[in-house]
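Given next are the chains, with one letter for each unit.
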Amino acid sequence: MKTRFSILFVGLSIAASAYAVEPTPSAVKDSKKADVIGAIKGWSSKDDLKISLPVTKFVLPNGLTVILLEDHSVPMVSYHTWYRVGSRDEYPGVTGAAHMLEHMMFKGAKKYDGKSFDRIFHENGITNNAFTSNDYTGFYEDLPSSKLELVMDMEVDRMSSLLISPDDLKSEKEVVAEERRWRVDNNPMGLMNELMMGTLFKVHSYKWPVIGYMKDIAAYDSEKLRFFYNTYYVPNNAVLVLVGDFKTSKVKSLIEKYYGQLPSRPLPERKYPEEPAQKVQLNATLKKDVQNSSFIVAFRSPKQSDPDMYALDLAMNILGYGSSSRLHKRLVYQKQIATSAYAYNRALQDSGVMGVGAAVKPGMGIQEALDVVYNEIYKLRNQKVSESELEKAKTQVMKDLVDGLRTMDGKARSLAVNEIVTGSYQSLFTDLERYQAVTAEDIKRVAEKYMQQTQRSIISLEPKAKKE
C-alpha cells in the first residue's frame, strides 16, 4: 500500500507569502545615483512595482467560492481545493482531526475508491498532494489541461461522498502515528516547535500541534471524523482556485454543472478564544539526546495582514535572514559560538509567532549566544536600522514573494491563501506596496511594541546529562 505523508504546516504557515506576478524589471533612471547595498540590479526601490492578475471570482448559490486565472503559457492547469478548516477548529480529544481527515480524503469515495484514486491520476499524468495548517486544509493537482473535467468529477466525488471506512482508518492511523514520530517525537526541532506553541498560547487552539497528540490519533474512529467531514467539507466552506490553460467561460459552466448540485450546509459559529497579553517572561527546557544546545526566543506577533506585520517581517529579515544578517555575523562569523542563527515572523489567521534562534557549538552553553540575541533585540527597540539594511531587507523579501509566483501552482496557492486568511485574494496585490512603505522608524516602533522582555518566551534544547 502506498504510504502518503502529506505536507504539514506546523504553524504556518506560508505566512506572508502570497503575491502576484513577477514585476518587470524597471530601467535605472538616474545613472549617477549610487546603488543601494543589497539591491537587485534593475529592480526599482520606489513604488512602481505594481501587481495585478486578471482574476475572475464568483460564488455559486451553494456558497462555493471560485477563483479563476487564465494562463496559456503551457497546456497545464493547477487545480486547488482549499477548506476553511485547520487545527484551530479542533478541541481536546480530537487534536489532529483536520490532518487525519486530509489523509482519509485519499482513501476513496462513492464513485472513485481508494485504489483507483492514485492510479487514475498517475495514468493521466496528474500529480497531486495535500497539506494541513492551523487555519486551512488544501488539496491540489497539476494536470494536463485536457484532463480538467476528470479531476473536477473526482474532487466533487470526495467533497460529497467520502467513505471513511473503519479498515482504511485503522491503517491510516498507523501512517499518521509514524508521521508524528518522524516529524515530532524523534525530531528535536519538531519537539521544540511544539513546546514553543504550547508556551506562547494558553487558551487559543494554536496551542496544540497540527498533527495532533499521539493519544488522540490512536483514539480516532469513523464517527468522529464523519462529524468533522460533514461539518466542514461543504461547498460553502471551500475555495476552488484554478490557474492555467482554459477558457474562463467554459470552465465556469463546468463548475456550475459539477459543483452546483452539491447542497450547502449550516456552518458552526466560529469562536476562538482570544489569547490574553503575556506579562512575564516564560521559560521551557527540553533535554534530549542531542550533540549541542539550541534555543528560540519567541514572541507573539499580530495576525496575517495586520499593518504591523510588514515592519515585523522586515525586522526579522534584518535580524536573522541569511549569512549577511546581524545575528549570523555576530554569532557565527565574529564570536564563532554558534553553527547557525535565524529569525522569522509567521503570521497566522488569528495571531502570529516570531522566533529568534540559534544552535550553539557542541560543548557550549546557550547564555553567551542568548545575550547576543538580547542585545540585538535591544538595538532594534532603541536604534533605527540603517537605510541600507532596510533596503536590503525589502529587496530580499520582495524577491522571495515574487519567486513564489513563477508557476501556476504558486499563483493558485497565493490566491487561495489570501482569500481564506485575509478574506480577499486582492490583498496580495497590495503587499509589495505595504513593504515598500515601511520606514526605519516603523521597525523601531514595532520592536518596542512586540519585543519587550516580559513578552518573550525562552525555549531551549539541551543535551541529556550522560550517565556515569
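Provided above is the structure to which this section pertains.
Source: prediction; values computed, not measured.

A. Expanded view of the pairing of strand β11 (residues 352-360). Most of β11 is tucked away, with nine of its nine residues classed as buried. Here β11 shows a buried face lined by G352, M354, V356, A358 and V360 and a second buried face lined by V353, G355, G357 and A359. With nine bridges joining them, strand β10 (residues 338-347) and β11 adopt antiparallel strand pairing. Following the sheet pairing, A343 is matched in β11 by V356.

B. Examining the nonpolar core more closely. Judged by nonpolar contacts, the single largest core of 72 residues is most densely connected at F295, V297, L331 and L415. Top contributing element to this core by residue count: helix α9 (residues 307-320), with nine residues. Apart from the residues within four sequence positions on either side, F295 is in contact with M192, Y342, V356, G357, A358, V360, I366, A369, L370, V373, I459 and S460. Among the nonpolar cores identified, the runner-up in size contains 70 residues, and M100, L148, L200 and L240 belong to it.

C. Structural context of the pairing of strand β5 (residues 127-132). Counting buried residues along β5, five of its six residues qualify, which places the element largely inside the surrounding structure. Pairing of β5 with strand β6 (residues 137-144) involves six bridges; the strand directions are antiparallel. Across the sheet, N128 pairs through a bridge with E141, a residue of β6. Two successive antiparallel strands, β5 and β6, enclose a turn made up of four residues.

D. Main features of the environment of S340. Here S340 is to be found in strand β10. Between the C-alpha atom of S340 and that of V360, which follows or precedes it by 20 residues, the distance is 7.4 Å. Once residues lying within four places of it in the same chain are set aside, the contact partners of S340 are V332, G357, A358 and A359.

E. Spotlight on the pattern of salt bridges. In this structure the tally under the stated criterion is 29 salt bridges. D308 is the partner of K449 in a salt bridge, and the nearest nitrogen-oxygen pair spans 3.0 Å. Of this pair, K449 sits in helix α15 (residues 440-450) while D308 sits in helix α9, placing them 141 residues apart in sequence. Assessed through its relative accessible area of 7%, D308 is described here as buried. The partner of R326 in a salt bridge is E389, with the nearest N and O atoms 2.7 Å apart. With R326 in helix α10 (residues 326-334) and E389 in helix α12 (residues 387-403), this residue pair connects regions lying 63 residues apart in the sequence. Through salt bridges that share partners, R326, R330, E376, K379 and E389 make up one connected network.

Criteria and cut-off values
- Residues numbered from 1 in each chain as written.
- Predicted model: local features only at pLDDT ≥ 70, side-chain atom pairs only at ≥ 80, totals over all residues.
- Heavy atoms only, no water.
- Buried < 20%, exposed > 50% of the residue type's maximum accessible area, 1.4 Å probe, protein only.
- Helix = DSSP H or I, 4+ residues; strand = E, 2+ residues; numbered from the N terminus.
- Pairing = 2+ DSSP bridges.
- Core = buried A, V, L, I, M, F, W, Y, C linked by side-chain atoms within 4.5 Å.
- Contact = heavy atoms within 4.5 Å.
- Salt bridge = Lys/Arg side-chain N within 4 Å of Asp/Glu carboxyl O.

All we've got here are geometric facts, nothing functional implied.
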